[in-house]
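Remarks on the overall topology
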Amino acid sequence: MQVEKTDPATIDPFPTHSISETKSRRPFFVFISILGLLVILTLLVYRLPITNPFVRSVAFVIPYPAAMVDGSFITMKTYIIEREALTQYLKTTGLEETPSDDELQQMILQALVNKTAIRILANGNNVKIDQKMVDSYYQDVVENEESEDAFAKELSETFGWSKADFKKRIIESIVLALQMSDFVSKNETLQAPARERIEKAYARLKSGEDFVTVANEVHSEDNAPYESDLGYQNVADLPEEWSAAKDLPVGGLSNIIEFDEGYAVFTVTDRIEAAEDSQVQLLAIIVPKKTLEDLVEEYLSQTKVRYFVD
């Protein structure tokens, strides 16, 4: 029997099409594997308690969102850090009653949403954080402590934070809020409605309307109205912004006075001259300015805020 021999060189133990197909599938299988892993991790991160060590470990590596404000994400890492700090602080206070987990979560998320809104508004109005102001504010805090080292130790024990953490998470937030408050107070466009209200009231007074009547009507428009009758005030103790009221005669009317918190018009109904103890009885119409809190509330009511943690 004759067996036909085949040239070994013509035998392909690994067919070319199999190799190419295998190579082409590898990236696909890798992608599917990675995608599957991310899906599993995502399910675990959002279903397990936020206090679970596994959730913390993953959230510190992958920037999962805890909330989103108009496209700006608040990461789970940020939320966890804030929660751990607040939890540690509450433990050091020795309070018998502490917020529930739900209350704690709501407090932290609302604070982070507000901070994010302030940052967005600051960016939109080109308000940049003043680093010199941050350093100065930090030094003011440290000067009220025994020493910077003692302060650092207290930070670590109370919040689990370093000095850098404290600057970034507390001082910078405070400074940016102060800068934005100043911006809002001085912005003519934002304060136009308040300015218009006081000008209308002033026009009514100049036309001869009763001061108390106008004051009561104007103040009734505010949720937390100022008192119309400020009583007897020591002239020497009047705020600098109210200096125009110091020399008003009885029955006299001041011009519109602008101060940090609002606009005012004064009248004096009585004077007691006693040198340094001189007093005036003041009536006032005070229209509060729009505040940063008002601006943030207005912004959040008009933008989309989405929460990813329950």
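Reference entry: report on the structure contained in this document. (Residues numbered from 1 in each chain as written. Predicted model: local features only at pLDDT ≥ 70, side-chain atom pairs only at ≥ 80, totals over all residues. Heavy atoms only, no water.)

Re the sheet that holds strand 2 (residues 72-75)
Strand order in the open sheet made by the 3 strands is 2-1-7, with antiparallel pairing throughout. For this open sheet the edge positions go to strand 2 and strand 7 (305-307), each flanked by a neighbour on one side alone. Pairwise comparison of adjacent strand axes, ignoring direction, gives a mean angle of 20° for this sheet. Bridge count between strand 1 (residues 65-69) and strand 7: 3 bridges; the pairing is antiparallel. Bridge pairing in strand 7 places A67 opposite Y307. Here helix 3 (residues 76-93) sits on the sheet and contacts strand 1 and strand 2; the angle it forms with strand 2, its principal contact strand, is near 45°. Against the sheet, helix 4 (residues 101-124) contacts strand 1, strand 2 and strand 7, and its axis sits at roughly 145° relative to strand 2. (Pairing = 2+ DSSP bridges. Helix = DSSP H or I, 4+ residues; strand = E, 2+ residues; numbered from the N terminus. Axes fitted to C-alpha atoms, helices over the stretch in contact; angles between N-to-C directions. Contact = heavy atoms within 4.5 Å.)

A short note on the packing of aromatic side chains
The relative placement of two aromatic rings is captured by the distance of their centres and the angle of their planes. Under the definition given, this model contains 6 aromatic pairs. Their ring planes at 75° and their centres at 6.1 Å tell us that W242 and F259 sit as a pair that is edge-to-face. Placement of the pair is W242 in the loop between strand 3 (229-234) and strand 4 (257-259) and F259 in strand 4, with a sequence separation of 17 residues. In terms of burial, W242 and F259 fall into one category: buried. Judged by centre distance (4.9 Å) and plane angle (50°), the rings of W242 and F266 are tilted. Residue W242 is found in the loop between strand 3 and strand 4, and its partner F266 is found in strand 5 (residues 262-272); the two are separated by 24 residues along the sequence. (Phe/Tyr/Trp six-rings, centres within 6.5 Å; stacked < 30°, edge-to-face > 60°. Buried < 20%, exposed > 50% of the residue type's maximum accessible area, 1.4 Å probe, protein only.)

With respect to the nonpolar core
Counting 34 residues, the largest nonpolar core has V69, M76, Y79, M180, V296, Y299 and L300 as the members making the most contacts within it. When contributions to this core are tallied by element, the ones reaching two or more residues are helix 2 (53-59), strand 1, helix 3, helix 4, helix 7 (163-186) and helix 10 (292-302). Residue contributions to this core peak at 10 residues, all from helix 4. Ignoring any residue separated from it by four or fewer positions in sequence, one finds Y299 in contact with V69, D70, A117, I120 and L121. (Core = buried A, V, L, I, M, F, W, Y, C linked by side-chain atoms within 4.5 Å.)

Observations concerning the environment of V127
As for its position among the elements, V127 is in the loop between helix 4 and helix 5 (131-143). Separated by 53 residues in sequence, V127 and M180 place their C-alpha atoms 7.2 Å apart. Discounting chain neighbours no more than four positions away, the residues touching V127 are A122, L176, Q179, M180 and F183.

Some words on the packing of helix 4 against helix 7
Running from N to C, helix 4 and helix 7 point in directions that differ by 50°, and their axes come no closer than 10 Å. Taken together, the axes of helix 4 and helix 7 are oblique relative to one another. Two packed elements cross with a definite hand, and for helix 4 against helix 7 that hand is left-handed. Listed contacts from helix 7 to K115, I118, R119, L121 and A122 of helix 4 are R169, S173, L176, A177 and M180. Partitioned by chemical class, the residues of the contact of helix 4 with helix 7 number 6 nonpolar, 1 polar and 3 charged. (Parallel < 35°, antiparallel > 145°, perpendicular 65-115°, else oblique. Left-handed = near helix turned anticlockwise from the far one by under 90°. Nonpolar A, V, L, I, M, F, W, Y, C, P; charged D, E, K, R; others polar.)

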